[in-house]
Amino acid sequence: MSTVLEKFKKYRKPGYYDKFDYHWTMSIDLDRCTGCEACVVACQAENNLPIVGEQQFAMRREMKWIRIERYWEGEYPNIKLQFIPMLCQQCDQAPCEIACPVFATYHNQDGLNTQVYNRCIGTRTCAVYCPYEVRFFNWFTYEWDEPLEQQLNPDVTVREKGVMEKCTFCIQRIRQAKDAAKDDGRRRVRDGEVTPACVQSCPTEAMVFGDLNDPDSRVSKMARNPRGYHVLEELNTTPSIVYLKRVHTDG
Amino acid sequence: MSNKINRRDFLKFVGAGTIGAGAGFLAADVSKMSTEFLIPQVNLPEDYSPGIATWYNTVCTLCSAGCGISVRIREGRAKKIEGNRSHPVNQGKLCAVGQAGLNVLYNPDRIKTPLLRDGERGSGSFRPIGWDEALTTISGVLGTLKIQKKANNAYLLSGAVSGHLNDLFALFMDQLGSQNYLQHEFSYPASLYAANKACFDEDVLPYYDIRNSKYLLSFGADYLGAWLSPVHHGVSYGHLRQGTGQRGRCVQIEPRMSLSGANADEWIAARPGSEGMLALAMAHSIVEQGLYAGADAGDWQQALAAYSPASVAGPSGISAARIVRIATEFAAASPSLAIGGGAAGASTNGTANLVAVNVLNFIGGNIGEAGGILFNPASTFSIDAPRPRAGYQEMLKLFASLSGDDAEVLILHDTNPVFTLPSSANVAAAVMAVPYVIGMSSFMDETMALADIILPLDTYLEVWGDSIPDPGVGFAVASIAQPVVKRLYDTRSAGDIILALAHQIGGELPANMPWTSMENYIMEMWRAVYQGKSNDSSDHGFRKFWLSILESGVWGERSPQQARPRQAMSQAMLSAVHMTQPSFAGNESEYRFVMQPYLSLAFQDGRGANLPWLQELPDPLTSVVYNSWVELNPKTAAELAIHEGDVLLIESTVGSLEAPAFIYQAIRPDVVAMPIGQGHGNYGRYASGRGSNPIEILAPETDIDSGGLAWSATRVKISKTGRRVHVIKTDGTTRDLGRNILGPGHGHA
């Protein structure tokens, strides 16, 4: 156990990931987000998320790597509703990573929490440790009614029973962009070359994705916005998602 | 075909894969790609390479907005739909419904072959037949009518189609000798068209420039949810909020908070039907304060005299001070924009309400201004026949003729009026009264089940076509649709069916409709557009143009805004302004609540309910999935001792239904609301037998000016049935409770 902790401490040294090329980050401007849920379906299509069915949904076993949460304030008629998209925060100090007994979830060199499906033994501890509730467990091997399986994205694994899964920041798109950059003889991916499915679909451009190590990237500029904050910041998970607080005017 | 393939050929095929990616004209080659051979890739299409995606541009027709889409194809299969970046309507973005289009294409419940009725009419029992038999039978029936000079007894009722398919339908019916071609869509805003006709003498909707506005005042129009062109509005909204240094303000006036209401800075729960009075009171206040610049301020003062904020406060439930404050803000902000729609346009005084909103825009000086109302130019396409869209009154007239003795044949194309019209319209009975009913659809539904013969249609991802977005974007735009995958089943496009029928019916039809296929027809029509615009009659020039528009998926032409004489417009508006009190079916003492059915973001008028991704998509405002619900104010619920999940009986003067209660925080206590979309009886495995359809129990009230269905003019009473169900939703605690989830210092317990 002690060796594990030592190893962990070594890797968790602040600034460790600055040595690497990328620190993928997403900013979500809550002043733009309308809660229209385009991102939810975009993610479903891109990442081969199954339809769990009414009965399983009723047991809270839905598979949605990104969801829209709602928060009410006040009482009728002075009532306000606000939306916030919730997805894996790709924490730098991720509680899920220390939980996994088999290192199925680990931190990769780009600062992503990655989930290795064929290492996962399904203890579900990571989901318990996650304060954002964005990890989803395959209680069954879900089927696609023929011919819906023809839509499945060949770049993304179809998971089976007993495996935990979650948002990957569309790692397949990151890989493709890196490969394309390599083919072009470039060392780095240019800003804007990677857009996860949710970011791509967002009508209001509430979401911006990019590399925080590049101070000139769009997302770095967004992250410096004074409205920026992390959800549940006090837990010191240092998320890779920066939310921009909604602007409130009285009325 | 030779099955021999040597290494050099193989490398050549793989190498060719990157060439021409995105050039849409090759889609037909891809679609002919055979999968039946052991080595299907011997004759590899030029743009096809294993492992590398190809993108084709086409147009989304899942609602009327007409967004351009790019479809990602891998190994001949559609994998992902994204917005077309060069399309001015959606600018690369797409809504939840558009993304779920793959569920339409690969839906397991698609009709796969032509079907012939096999049993009693309406029993839903069909047997498969071949296309030859189906087309011969139908052309025989229609040909006989034509010869007997009784073709005017044939009717074509279509869902919303624009562009050349609309032209083809119109031409076919005309050539057949019938005047009876109509389009039906539940969400067709008849009152909005009527109001704009009355105020501006416009037949097409203007462009609401939300993007550049600084103050957006919406009277019931859920512009971010289901009103007109939600993706375009979403793009504009993002810009309005954070696109410039000066953040635009949004105010929403509606009895039940919609998605747009939730995003507004201020939500005002006015009484249903009082929206127009509020708009006139605001105009009154602006004129009174001397903020209206026109020389005819006196005329307006007189015309608006009856609508002082004080006198409107009572009927609307909004205080005079608040009306004046909003009016002052509206006049001070520059540019500002008022829009109206949704329930405001679906009251018995719907057109009057929307005329009043136009008046407010006029008084606020927003007409013809960037950030206000801009007019779409007259279509610059030589084609684009007017669309014969029917309001509720015209539909009733149609059903009366269908029930009469003369009606012989009804052709239904991609429309489900049995579901989307109130039960009091007796749609099913009218359809059953027609001796011969032909259905054209990709899916079995409540209306198609009544047909004698059903022709299975390609989905929108398998067809040639074009569409003209309505509303436009301030300049002339057309989108080109092309097949992005090989068709999955033995289906055909509506255009190909119409052309095949024309050829088989004979007479002068083949000469007047000489096209061999829909692809050929679309291409020839675009050749005419090209030649008209360019004076270039060479085939080479057209080919180049055609390839470029297929590749980009869109073609447009910017034209300058025409200035409108202010005085004449003022006169027209002065004579158009009028107001009547809204009326509701059912007396208030017995039927306590005004029923507000609303278009579901995912299902729209119910057509999306057979898509599994949308069934499992939480409703944005309640997070409920898989069922219907009826929304009640917490106070109302407490008073009647109703809790979430209590199954309620909802009765109007014409019918009743059951639905579980959902306590909704932002709805007037005297209003109940229900989403439209569920309640299908026969619409595939994902939709059938879920929830209930609020359209069914709507009273047959209409907007007096436009004849559109006043779907917000029905009163209901509610009672508990004693049963309870579990309302399936994703939400847990919907209060922040000091967790600062929405940002530091934001959350209140």
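Rules used in this analysis
- Residues numbered from 1 in each chain as written.
- Chains lettered and ligands numbered in written order.
- Predicted model: local features only at pLDDT ≥ 70, side-chain atom pairs only at ≥ 80, totals over all residues.
- Helix = DSSP H or I, 4+ residues; strand = E, 2+ residues; numbered from the N terminus.
- Rg over C-alpha atoms; globule rule 2.2 N^0.38 Å.
- Buried ≥ 20, exposed ≤ 12 C-beta atoms within 10 Å, placed from the backbone.
- Contact = placed C-beta atoms within 7 Å.
- Pairing = 2+ DSSP bridges.
- Axes fitted to C-alpha atoms, helices over the stretch in contact; angles between N-to-C directions.
- Parallel < 35°, antiparallel > 145°, perpendicular 65-115°, else oblique.
- Left-handed = near helix turned anticlockwise from the far one by under 90°.
- Domains from an automatic or database assignment.
- Nonpolar A, V, L, I, M, F, W, Y, C, P; charged D, E, K, R; others polar.
- Expected span 1.5 Å × (residues − 1).
- Core = buried A, V, L, I, M, F, W, Y, C linked by C-beta atoms within 7 Å.

This paragraph deals with the overall build of chain B. From N to C terminus, chain B includes 25 helices and 25 strands. The C-alpha radius of gyration computed for chain B amounts to 27 Å, which stays within 12% of the reference 27 Å derived for 749 residues, consistent with globular compactness. Referenced to the eigenvectors of the C-alpha coordinate spread, the extents of chain B come out at roughly 85 × 65 × 55 Å. Per-residue burial over chain B gives 58% buried out of 749 residues. In chain B, once contacts between residues fewer than 6 apart in sequence are set aside, the share between residues at least 24 apart is 74%.

Before going further, it helps to examine the overall build of chain A. Assigned secondary structure in chain A consists of eight helices and ten strands. Computed over C-alpha atoms, the radius of gyration of chain A comes to 19 Å, within 12% of the 18 Å expected from 2.2 N^0.38 for 251 residues, which places it in the range of a compact globule. Once the C-alpha set of chain A is aligned to its principal axes, its extents read approximately 55 × 45 × 45 Å. Burial status across chain A gives 48% buried among its 251 residues. Here the contacts in chain A between residues at least 6 apart in sequence split such that 62% fall between residues at least 24 apart.

Turning to the environment of A:W144, a few remarks are in order. Residue and element names in this part refer to chain A. Note that W144 resides in the loop between β6 (136-137) and β7 (164-165). Since 17 C-beta atoms lie within 10 Å of it, W144 is described here as partly exposed. In sequence terms W144 and V52 are 92 residues apart; their C-alpha atoms lie 9.8 Å from each other.

Residues and elements named next belong to chain B. The three strands are arranged β1-β2-β3 in an open sheet whose pairing can be described as antiparallel. Each edge of the open sheet carries a strand with a single partner, namely β1 (54-59) and β3 (77-83). When the angles between neighbouring strand axes are averaged without regard to direction, this sheet yields 30°. Both β1 and strand β2 (residues 68-74) contribute to a ladder of six bridges, which runs antiparallel.

With that settled, the discussion passes to the interface of chain A and chain B. In this complex, chain A contributes 55 residues to the contact, which on the side of chain B involves 58 residues. Sort the elements by how many residues they give to the side of chain A that touches chain B and helix α2 (residues 38-46) of chain A lands first, with seven residues.

What follows covers the packing of helix α20 (residues 518-534) of chain B against helix α21 (residues 539-552) of chain B. Helix packing for two helices is described by the angle between their axes and how far apart those axes are. Residue and element names in this part refer to chain B. Here α20 crosses α21 at 110°, and the two axes come no closer than 10 Å. One way to sum up the angle between α20 and α21 is to call them roughly perpendicular. In this structure, α20 crosses over α21, and the sense of that crossing is right-handed. Residues M523, W526, R527, Y530 and S534 of α20 form the contact with α21, whose participating residues are G541, F542, F545 and W546.

This part is about the pairing of β2(B). Residue and element names in this part refer to chain B. Of all seven residues making up β2, five are buried, and the element is well covered by its neighbours. Two elements, β2 and β3, share six bridges in a ladder whose sense is antiparallel. What sits directly across from R74, in β3, is R77. Counting the residues in the hairpin turn of β2 and β3 gives two residues, including E75, whose phi is positive at 50°.

Interface size, as often reported, equals the accessible area lost upon joining of the parts. All names here are of chain B. As far as domains go, chain B holds domain 1 (7-105), domain 2 (115-186 + 381-557), domain 3 (190-374) and domain 4 (593-724). Centre-to-centre separation of domain 2 and domain 4, based on C-alpha positions: 32 Å. Looking at the side of domain 2 that touches domain 4, the elements with two or more residues in it are α15 (392-403) and α16 (417-420). No other element matches the three residues that α15 contributes to the side of domain 2 that touches domain 4. Residues belonging to the side of domain 2 that touches domain 4 are distributed by class as follows: nine nonpolar, six polar and three charged.

All names here are of chain B. Here helix α14 (residues 350-363) is 14 residues long and its end C-alpha atoms lie 20 Å apart, about the 20 Å a rise of 1.5 Å per residue gives. Of all 14 residues making up α14, 14 are buried, and the element is well covered by its neighbours. In the stretch just after α14, G365 is the one whose phi turns positive, near 75°.

A few words now on the environment of A:T237. Residues and elements named next belong to chain A. Tracing the chain through its elements places T237 in the loop between β9 (228-229) and β10 (241-244). Residue T237 is classed as buried on the basis of its 21 C-beta neighbours within 10 Å. Separated by 62 residues in the primary sequence, T237 and R175 place their C-alpha atoms 25 Å from one another. Those residues within four positions of T237 in sequence are excluded, and the remaining contacts are Q89, C91, Q93, A94, P95, P131 and L232.

With that settled, the discussion passes to unusual backbone geometry. Across the junction of A:Y76 and A:P77, the peptide omega takes the value 0°, indicating a cis bond. Locating A:P77 in the fold gives a position in the loop between β2 (66-75) and β3 (78-87). At the junction of A:E146 and A:P147, the peptide bond is cis and its omega measures out at 0° in the coordinates. You can see A:P147 is positioned in the loop between β6 and β7. Phi at B:L737 is positive, roughly 55°, even though this residue is not glycine. Counting through the fold element by element, B:L737 comes out in the segment after β25 (714-724). Take B:L737: there are 12 C-beta atoms within 10 Å of it, and that puts it in the exposed class.

Let us look at the nonpolar core. Counting 309 residues, the largest nonpolar core has B:A96, B:A279, B:M282, B:V359 and B:L410 as the members making the most contacts within it. Those residues in contact with B:A279 that lie beyond four places of it in its chain are B:F219, B:A338, B:A356, B:V357, B:V359 and B:L360.

Residues and elements named next belong to chain B. Taken across its eight residues, strand β23 (residues 656-663) has six buried, putting it largely inside the fold. Judged from the three bridges that link them, strand β21 (residues 630-632) and β23 form a sheet pairing that is parallel. Along β23, the bridge assignment pairs V630 with A661. Sheet topology note: the strand β22 (residues 646-651)/β23 ladder contains five bridges and is antiparallel.

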